[in-house]
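Descriptive analysis of the structure
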Amino acid sequence: MRGGIKQGSITLLAGPTGTLKTIISSQFIYNGAKEYGEGGIYLTLEEKEDGIRQSLANFGMDVDAPEVKDKIQIVDLSGLRKRKPQFGESKERYAISVDVLMETITSITQKSDVKRLVIDSISILGLLYKDQSDMRDDLFIFTEFLRESGLTSLLVTEIEEEYRGKRVSRFGLEEFLADGVVVLGYTQSKGELRRWATVRKMRFTDHNLHMHPVRITPCGVEIVSTEKIY
Ligand SMILES: Nc1ncnc2c1ncn2[C@@H]1O[C@H](COP(=O)(O)OP(=O)(O)OP(=O)(O)O)[C@@H](O)[C@H]1O
Ligand SMILES: [Mg+2]
């Protein structure tokens, strides 16, 4: 991507289960704090805060280390997700909404200097809407809010197992609002699944469209930019 994700942009990180979305996105927050001294918010809507800490700790990344402690804020909103709205119920009864996300982010950015944001994952927002155009309107408002905030954002989204050029987002509309889309997936080869990552779109920069191998190393996840998977 000729230097990486542009500051202040919005990137969708899409992939089926187990493609390392949570590890990659939490590593993005950790590395921002450790390597660049940038404050980061990790908003988790699915996994518990402890799970995020644990996965980072497994790769030697300690969010409580003195040099990063004040810069990383893991916010666990999974508790708001009490249950799915039943058919016919108003969405107000469902506690995670675009408004809640915007309020949460605003209250943190008013108090501290934050440059990076992860939302893991935005897929759950879709449960709120019966009408796709309502969802499109709210997502538009939300992405405008993110742009104005100046945060460099990674929005995690779950997609179907078989990718092969199909939808790169859960609802088929998030990708148009994001500046960039990185797709993670699996390919079967010689009796095993291999993980790959592809930059499907990245506004403002040139990039290749290769399926790059994704490896787990003792220090975290690595996307091998010099190799491709066939
Ligand atoms: N310590 C570790 N060493 C090696 N591999 C690990 C380790 N911890 C996790 N993994 C791998 O990471 C995978 C989980 O990654 P992660 O939670 O980031 O996936 P995800 O894309 O967020 O999944 P989901 O869609 O279910 O949230 C595990 O299935 C396992 O293969
Ligand atoms: Mg995850």
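Before going into details, it helps to say that this report is about the structure given with it. (Residues numbered from 1 in each chain as written. Chains lettered and ligands numbered in written order. Predicted model: local features only at pLDDT ≥ 70, side-chain atom pairs only at ≥ 80, totals over all residues. Heavy atoms only, no water.)

What follows is about the site of ligand 1. Inspection of the region around ligand 1 gives Pro-16, Thr-17, Gly-18, Thr-19, Leu-20, Lys-21, Thr-22, Ile-23, Asn-58, Phe-59, Arg-195 and Ile-216 as its neighbouring residues. Within the contact set of ligand 1, an oxygen atom lies 2.7 Å away from a side-chain nitrogen or oxygen of Thr-17. With respect to ligand 1, the backbone of Leu-20 contributes an N or O atom lying 3.1 Å from an oxygen atom. For ligand 1, the accessible surface in isolation is 650 Å², of which the surrounding protein chains cover 60%. (Near = heavy atom within 4 Å. Polar contact = N/O pair within 3.5 Å; in protein donor to acceptor, adjacent residues only side chain to side chain. Areas by Shrake-Rupley, 256 points an atom, 1.4 Å probe, with all protein chains shown as cover.)

Bringing the nonpolar core into the picture now. The biggest cluster of nonpolar side chains holds 39 residues, and the ones touching the most others in it are Leu-43, Ile-105, Ile-119 and Phe-142. For this core, the element with the highest residue contribution is helix H4 (residues 98-111), accounting for six residues. Residues within four places of Phe-142 in sequence aside, it is in contact with Val-98, Leu-101, Met-102, Ile-105 and Ile-119. Counting 28 residues, the second largest nonpolar core, distinct from the first, contains Ile-23, Ile-24, Ile-72 and Val-221. (Core = buried A, V, L, I, M, F, W, Y, C linked by side-chain atoms within 4.5 Å. Buried < 20%, exposed > 50% of the residue type's maximum accessible area, 1.4 Å probe, protein only. Helix = DSSP H or I, 4+ residues; strand = E, 2+ residues; numbered from the N terminus. Contact = heavy atoms within 4.5 Å.)

In this section: the pairing of strand E7 (residues 192-202). Sheet topology places strand E6 (residues 180-189) next to E7; ten bridges connect them, and they run antiparallel. Its bridge partner lying in E7, Leu-184 is registered against Ala-197. Pairing between E7 and strand E8 (residues 212-217): two bridges, direction antiparallel. Bridge pairing links Trp-196 to Pro-213 in E8. (Pairing = 2+ DSSP bridges.)

What follows deals with the sheet that holds E6. With mixed pairing, nine strands are arranged side by side in an open sheet as E3-E2-E4-E5-E1-E6-E7-E8-E9. Only two strands of the sheet have a single neighbouring strand rather than two, namely strand E3 (72-76) and strand E9 (220-223). Strand after strand, the sheet turns through a mean of 25° between neighbouring axes, direction not considered. Packed on one face of the sheet, helix H1 (residues 21-36) meets strand E1 (10-15), strand E2 (40-44), E3, strand E4 (116-120), strand E5 (152-158), E6 and E9 and runs near 165° to E4. On top of the sheet, helix H5 (residues 132-149) reaches E1, E4 and E5; it is set at about 125° to E1, its chief contact. (Axes fitted to C-alpha atoms, helices over the stretch in contact; angles between N-to-C directions.)

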